[in-house]
Amino acid sequence: MKIRSTTIIAVKKDGKVAMAGDGQVTLGETIMKGNAQKVKTIYGGKILTGFAGATADAFTLFELFESKVSEYGGDITRAAVELAKKWRTDRTLSKLEAMLLVADKNKILLISGTGDVVEPQEGVLAIGSGGNYAYAAALAYLQETSLGAKEIALKSMEIASKICIYTNNTFVAEEVS
């Protein structure tokens, strides 16, 4: 059975960064769980993390990222690059099927198993099967409203959940500033 993804979005605005994700876990054509927590804070609440993909793989990556963050004193860029290098070159890790979004008050990064560490130009980044829908909505909200980062993330998730069948409307949102 193919494991379907989710939607995770991170939004940076006015000195704040918010991350939101849905709670749906899907296996094949079945919704297995509706209230999974795919967004959490680490490093004393200063760093946000979110995942899309296989759950066990994502938890492995969370743990590795968290140890890299500690190793590099909270520097998410250095931690992300080191994780991406290890993820790509390690025989076991290279088989993991997930993506991570990480953020602190200054930046948002996407980390993938192909060695990518990407910082968005527009202050918005989204992953998962509903990621493009949430991303488009967030860009519009950033340009046309005075909503804050967390409100934009949540409203963008609402739109994605109405379009993507692998995204539900049970959201977890966190914010750092």
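What you see is a predicted model; the values in this text were computed from it and never measured.

Asks: Would you mind going over the sheet that holds strand β11 (residues 171–176) with me for this structure?
Replies: For sheets, the rule is that strands pair by backbone hydrogen bonds, running either parallel or antiparallel. Spatial strand order, β10-β1-β2-β11: four strands in an open sheet with antiparallel pairing. Single-partner strands in this sheet number two, and they are β10 (124–128) and β11. In this sheet, adjacent strand axes meet at a mean angle of 10° when their direction is disregarded. When strand β1 (residues 7–13) meets strand β2 (residues 16–22), the two strands line up antiparallel, connected through six bridges. Bridged to Ala10 within β2 is Met19. Contacts between helix α4 (residues 149–163) and the sheet are confined to β1, β2 and β11, with β1 contributing the most and set at about 150° to the helix.

Asks: Just checking my understanding: could you explain the sheet that holds strand β7 (residues 98–103) for this structure?
Replies: Overall, antiparallel pairing links the five strands, which are arranged β5-β6-β7-β8-β9 in an open sheet. With partners counted over all chains shown, the strands left at the sheet margins are β5 (39–42) and β9 (117–118), one partner each. When β7 meets strand β8 (residues 108–111), the two strands line up antiparallel, connected through four bridges. Paired with Ala103 across the bridge in β8 is Ile108.

Asks: Sorry if this is basic, but what is going on with the pattern of salt bridges here?
Replies: Opposite charge on two side chains makes pairing possible when the charged atoms of those side chains draw close. For the structure on display, the rule yields four salt bridges. Between Glu82 and Arg78 there is a salt bridge, and its shortest N-O distance comes to 3.7 Å. With a gap of four residues between them, Glu82 and Arg78 both fall in helix α2 (residues 76–89), about one helical turn apart. Overall, Arg78 belongs to the partly exposed group, its relative accessible area being 41%. Residue Lys85 pairs with Glu82 through a salt bridge whose shortest N-O separation is 3.3 Å. With Lys85 and Glu82 both in helix α2 and three residues apart, this pair spans about one turn of that helix. Here the residues in one salt-bridge network are Arg78, Glu82 and Lys85, joined through shared partners.

Asks: What's the story with the nonpolar core in this structure? I'm lost.
Replies: Side chains that are nonpolar tend, in soluble globular proteins, to be buried together. By size, the foremost hydrophobic cluster in this structure holds 22 residues, and its most contacted members are Leu61, Phe65, Leu83, Leu100 and Ile111. Listing elements by their share of this core, those giving two or more residues are β6 (47–53), α1 (55–71), α2, β7 and β8.

Asks: Any chance you could explain the environment of Phe65 here in plain terms?
Replies: Along the polypeptide, Phe65 turns up in helix α1. Sequence-wise, Phe65 and Leu100 are 35 residues apart; in three dimensions their C-alpha atoms are separated by 9.3 Å.

Asks: Sorry, what's going on with α2 here?
Replies: An α-helical turn contains 3.6 residues, so any two residues separated by three or four positions project in the same direction. If you check α2, its first and last C-alpha atoms are 20 Å apart, about what 14 residues at 1.5 Å a residue would give, namely 20 Å. Regarding α2, the residues found buried are Ile76, Ala79, Ala80, Glu82, Leu83, Ala84 and Trp87. Where α2 is buried, its residues contact β6, α1, β7, β8 and β9. Where α2 begins, one side-chain oxygen reaches toward the backbone nitrogen of Thr77, 3.1 Å away; that side chain belongs to Asp75.

Asks: Would you mind showing me how to read the pairing of β8 here?
Replies: Two faces belong to every sheet, and in a regular strand the side chains alternate between them. Of the two faces of β8, both are covered, the one formed by Ile108 and Leu110 as well as the one formed by Leu109 and Ile111. Where β7 hands over to β8, the hairpin turn is made up of four residues, counted between the paired strands. The pairing of β8 with β9 spans two bridges and is antiparallel. Of the residues in β9, the one forming a bridge with Leu110 is Val118. Hairpin connection of β8 to β9: five residues between the antiparallel strands, including Gly115 at a positive phi of 95°.

Here is what the cut-offs are and how they apply
- Residues numbered from 1 in each chain as written.
- Predicted model: local features only at pLDDT ≥ 70, side-chain atom pairs only at ≥ 80, totals over all residues.
- Heavy atoms only, no water.
- Pairing = 2+ DSSP bridges.
- Helix = DSSP H or I, 4+ residues; strand = E, 2+ residues; numbered from the N terminus.
- Axes fitted to C-alpha atoms, helices over the stretch in contact; angles between N-to-C directions.
- Contact = heavy atoms within 4.5 Å.
- Salt bridge = Lys/Arg side-chain N within 4 Å of Asp/Glu carboxyl O.
- Buried < 20%, exposed > 50% of the residue type's maximum accessible area, 1.4 Å probe, protein only.
- Core = buried A, V, L, I, M, F, W, Y, C linked by side-chain atoms within 4.5 Å.
- Expected span 1.5 Å × (residues − 1).
- Polar contact = N/O pair within 3.5 Å; in protein donor to acceptor, adjacent residues only side chain to side chain.

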